[in-house]
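Observations on the three-dimensional arrangement
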Amino acid sequence: TRSFTDPSVSMDLLRAVLQPSINEEIQGIFNKYMKFFQTAAINVRDNVGEEVDPEQLIQETCRSCLEQAKLLFSDGKKVVPRLPHEQAVPKRARQMDEELSRRGSPIPKKRKGRPPGQSLSNDRGVSGMAAWKLKVSESVKRDGPKWDPSRLTETTTFVLGSRANKALGMGGTRGRLYIKHPHLFKYAADPQDKHWLTEQQHMRAIGGKMAYLLIEEDIRDLAASEDYRDSVDLRLEELKPFIPPAWMTEKMQKHMETLRRGGDVPPPEEPPE
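Treat the numbers as computed from the prediction; the structure is a model and nothing was measured.

On a plain count of helices and strands, the protein comes out with nine helices and three strands. In the protein, the order of α-helices and β-strands from amino to carboxyl end is α-α-α-α-β-α-α-β-α-β-α-α. Looking at the protein as a whole, 35% of its 273 residues qualify as buried. Across the protein, contacts joining residues at least 24 apart in sequence account for 73% of those joining residues at least 6 apart. As presented, the protein carries roughly 17500 Å² of accessible surface, and 53% of it is formed by carbon and sulfur atoms.

In structure tokens, the structure reads:
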């Protein structure tokens, strides 16, 4: 046991009292820069393919920002490991960064482009997303009737994620639907699923690219919401719903149950050649 007169205990008690206010201010800082992360993550998906999850990229970037911010309070003994691309920085530059960190001074960086406060409403992938803000400290809620695996039956209809994007007017930016509505249940088709989907002509053969399946009812509920029902870009005829075989539905039930319990299911891997 440790006495409350212990300096470290006293300081930690103070930290606990101030932590909610600190968290709120940190969240405000991330919200200020979130438009940059959103644009970059969507561009990565556009360039690499649908196997990239922009939401995961953004969260990893935010966590990395917090880790690197610890350098400002480094005592010179415990140094936060740098990322591979940062290790290539010349030795003298690293020494200057570490010296500035020990002094508690912010490390100066050359900034290109527009300042954080300037609007990016015309940038690709950002228009229409201004109201959405990532809650870094909050996980996606996976409860309620929409996350009950029993709702997935042998008659439940599904749609491809790419078609859902087009139906809701987001066809120009792949993956935007998943960023704007992270609460949606989505299932990443494995090679066996893709083979069936291709055979039934629900999709073209896409090699190693990711293909997501979404519940048609969830997409139609979104289309009827205030955000979409009056949109001139709404194209529900693009959905092309289908009923998967029982064995695929069973896999999706297990996937939903795993996510609901807080588990993390890795993306499916393509079989070796």
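Glancing now at the packing of helix H7 (residues 191–199) against helix H9 (residues 246–260). At their nearest, the axes of H7 and H9 sit 11 Å apart, and the two run at 140° to each other. Put simply, H7 runs oblique to H9. For the crossing formed where H7 meets H9, the hand is left-handed. Across the interface between the two elements, Gln-192, Asp-193 and Trp-196 of H7 pack against Trp-247, Met-248 and Lys-251 of H9. Along the lines of polarity and charge, the residues of the contact of H7 with H9 split into three nonpolar, one polar and two charged.

Applying the stated criterion across every chain, the model contains four aromatic pairs. A centroid spacing of 6.4 Å and a plane angle of 40° characterise the contact between Tyr-33 and Phe-36, whose relative ring orientation is tilted. Taken together, the positions of Tyr-33 and Phe-36, both in helix H1 (residues 7–48) and three residues apart, correspond to about one turn of that helix. Here Phe-36 falls in the partly exposed class, since its relative accessible area comes to 30%. Its guanidinium or amino end placed over the ring of Tyr-212, Lys-186 lies 5.5 Å from that ring's centre, counting from NZ or CZ.

Here we come to the sheet that holds strand E2 (residues 186–188). Reading across the sheet, the three strands line up as E1-E3-E2 and stay open at both edges, with antiparallel pairing between neighbours. Of all strands in the sheet, those bounded by a partner on one side alone are strand E1 (158–160) and E2. Along the sheet, successive strands turn relative to each other by an average axial angle of 30°, direction set aside.

To continue, consider the state of the cysteines. Under the defined criterion, the tally for this structure stands at zero disulfides. For Cys-62, which is in no disulfide, the shortest distance to another cysteine sulfur is to Cys-65 and amounts to 6.1 Å.

What follows covers a nonpolar patch on the surface. Taken together, the side chains of Met-11, Leu-14, Val-17, Leu-18, Ile-22, Ile-26 and Leu-66 present a nonpolar region at the surface, about 610 Å² in accessible area. A total of six residues in the nonpolar patch trace back to one element, the largest contributor, which is H1. Along the chain, Ile-22 turns up in helix H1.

With that settled, the discussion passes to the pairing of strand E3 (residues 212–215). Burial of the side chains of E3 extends over both faces: Tyr-212 and Leu-214 are buried on one face and Leu-213 and Ile-215 on the other. In the sheet, E1 pairs with E3 via three bridges, with the strands oriented antiparallel. Its bridge partner lying in E3, Leu-160 is registered against Leu-213. Sheet topology places E2 next to E3; three bridges connect them, and they run antiparallel. Within the sheet, the bridge partner assigned to Tyr-187 lies in E3 and is Leu-213.

Let us look at unusual backbone geometry. A positive phi angle, near 60°, is found at Gln-201, a position not held by glycine. Relative to the helices and strands, Gln-201 resides in the loop between H7 and E3. Notably, Lys-240 is not glycine yet its phi reads approximately 50°, a positive angle. Position of Lys-240 relative to the elements: it lies in the loop between helix H8 (216–223) and H9.

Each value, and the rule that gives it
Counting starts from 1 at the beginning of each chain's written sequence and moves along it residue by residue. The model is predicted, so local features are restricted to residues of pLDDT at least 70 and side-chain atom pairs to those at 80 or more, both for listing and for counting; the totals for chains, interfaces and linings are taken over all residues. Just so you know, side-chain values use all the structure's heavy atoms and leave hydrogens and water out. Every helix listed is a DSSP run of H or I at least four residues long, and every strand listed is a run of E at least two residues long, numbered separately from the N terminus. Only protein chains enter the calculation, and the probe is 1.4 Å; a residue is then buried if its accessible area is under 20% of its type maximum, exposed if over 50%, and partly exposed in between. Residue contacts follow a heavy-atom distance rule, with two residues in contact if any of their heavy atoms lie within 4.5 Å. Surface accessibility follows the Shrake-Rupley procedure with a 1.4 Å probe radius. Residue values consider only the protein chains on display as shielding. Axis lines are fitted through C-alpha atoms, for helices just across the contact stretch, and the angle between N-to-C directions can take any value from 0 to 180 degrees. Here is the rule for angles: anything less than 35 degrees is roughly parallel, anything more than 145 is roughly antiparallel, 65 through 115 is roughly perpendicular, and the remaining ranges are oblique. Should the near helix be turned counterclockwise from the far one by less than a right angle, the crossing is left-handed, whereas a clockwise turn marks it as right-handed. Three categories are distinguished: nonpolar for Ala, Val, Leu, Ile, Met, Phe, Trp, Tyr, Cys and Pro, charged for Asp, Glu, Lys and Arg, and polar for the others, with Gly belonging to the last. Pairing of aromatic rings covers Phe, Tyr and the six-membered ring of Trp, with a centre-to-centre limit of 6.5 Å; geometry is then stacked below 30 degrees between planes, edge-to-face above 60, and tilted otherwise. The rule is short: NZ of Lys or CZ of Arg within 6 Å of the ring centre and within 35 degrees of the ring normal puts a charge over the ring. Paired strands, as defined in this entry, are two strands with at least two bridges between them according to DSSP. Cysteine sulfur atoms are paired as a disulfide whenever they fall within 2.5 Å. Residues enter a patch when their relative accessible area is above 30% and they make no salt bridge; the linking distance is 9 Å between like charges and 5 Å between nonpolar side chains (Val, Leu, Ile, Met, Phe, Trp, Tyr). Salt bridges, as used here, are contacts in which a Lys or Arg side-chain nitrogen is within 4 Å of a carboxyl oxygen on Asp or Glu.

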